[in-house]
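Breakdown of the fold
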Amino acid sequence: MLRIGLTGGIGSGKTTVADHFSRLGITVIDADEIVRHVSSPGHHPFDAIIHHFGNEILNTDGTINRQKLGQRVFNNAAERQVLEAILHPAVRSVMQKAVQQAPPSPYCILVIPLLVETGYVDLVDRVIVVTADRKNRIDWVKKRDGLTDDQIESIMAAQASDNERRKIADDVIENNGTLDSLFRQVEKLDLKYREI
Ligand code: ATP
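Our subject in this report is the structure included herewith. The structure presented is a predicted model; accordingly, all values stated were derived computationally and were not measured.

So, about the packing of aromatic side chains. Within the structure shown, the criterion is met by two aromatic pairs. Centroid distance Phe21 to Tyr107: 6.2 Å. Interplanar angle 90°. Geometry classified as edge-to-face. Taken together, the residues Phe21 in helix 1 (residues 14–23) and Tyr107 in the loop between helix 5 (77–100) and strand 3 (108–111) connect sequence positions 86 residues apart. Judged by relative accessible area, Phe21 falls into the buried class, the value being 0%. Summarising the aromatic geometry, the rings of Tyr107 and Tyr193 are spaced 5.3 Å apart at their centres and angled 70° between planes, so their arrangement reads as edge-to-face. Note that Tyr107 is positioned in the loop between helix 5 and strand 3 and Tyr193 in helix 10 (residues 179–195), a separation of 86 residues in sequence. Among the residues examined, Tyr107 registers a relative accessible area of 0% and is labelled buried. Through successive ring pairs, a cluster of aromatic residues spans Phe21, Tyr107 and Tyr193. Positioned over the ring face of Phe183 is Arg23, at 5.1 Å from the centre of the ring.

Attention shifts here to the pairing of strand 2 (residues 27–30). The alternating pattern of strand 2 places Thr27 and Ile29 on a buried face and Val28 and Asp30 on a face that is not buried. Pairing geometry for strand 2 and strand 3, over four bridges, is parallel. Paired with Thr27 across the two strands is Cys108, which belongs to strand 3.

This part covers the sheet that holds strand 2. Strand pairing within a sheet occurs via backbone hydrogen bonds; the two strands may be parallel or antiparallel. Strand order in the open sheet formed by five strands is 2-3-1-4-5, with parallel pairing between adjacent strands. Each end of this open sheet is capped by a strand with a single partner; those strands are strand 2 and strand 5 (171–174). When the angles between neighbouring strand axes are averaged without regard to direction, this sheet yields 25°. For strand 1 (residues 3–8) and strand 3, the ladder comprises four bridges, and the chain directions are parallel. In the sheet register, Gly5 faces strand 3, and the bridge partner there is Leu110. The strands touched by helix 1 are strand 1, strand 2, strand 3, strand 4 (126–131) and strand 5; relative to strand 1, the strand with the most contacts, the crossing angle is about 150°. Lying on the sheet, helix 2 (residues 31–38) is in contact with strand 2 and strand 3; it crosses strand 2 at an angle near 50°.

What counts and what doesn't
Residues numbered from 1 in each chain as written. Predicted model: local features only at pLDDT ≥ 70, side-chain atom pairs only at ≥ 80, totals over all residues. Heavy atoms only, no water. Phe/Tyr/Trp six-rings, centres within 6.5 Å; stacked < 30°, edge-to-face > 60°. Helix = DSSP H or I, 4+ residues; strand = E, 2+ residues; numbered from the N terminus. Buried < 20%, exposed > 50% of the residue type's maximum accessible area, 1.4 Å probe, protein only. Lys NZ or Arg CZ within 6 Å of the ring centre and 35° of its normal. Pairing = 2+ DSSP bridges. Axes fitted to C-alpha atoms, helices over the stretch in contact; angles between N-to-C directions. Contact = heavy atoms within 4.5 Å.

If you want it as structure tokens, here you go:
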């Protein structure tokens, strides 16, 4: 099955785009969901994460407090590398299995927010990059998550730039208009991928 990677920076509109592909009947596989799954209790990465980062990153119910873990790795490249080395092999393998076991679909969309940063690009046949102006992204994320400008800016600074993402893009969705114009772009790409 043709695998299309979908990526973009924080608040660019990846989920909105993926939801529309899903409404068009396309299988969508979400890397973030897979990360949450493999880092939940009972999975090997969970034990490895607790072994390295300690019980202090746990919630009282025994699950990982993603915010606390995020704080430990956000400004610490060495700790981030440890976490990535634990997670990536498991995420890769679950993502590959999810594609193999996906229900019949003309093609599938793999939403991989950190496609450029993680090097998962070999898992997909083509790449869509969703871009939106910085100001729009900040406005939307502020409204959605209640974060401050500074918090959003520092997440943006830790991610690849739009220029870096564009270098690996086969198709670019420009999300600076209405949701309707975003959906029209998705529908155009859907027709193209169905032909491929
Ligand atoms: P993240 O990387 O943070 O998960 P994302 O790339 O998946 O974000 P979305 O969640 O799809 O982005 O969009 C961010 C917010 O912006 C959402 O609340 C969404 O409804 C809104 N949004 C996206 N595109 C538009 C648009 N063209 N007009 C108005 N609101 C939009």
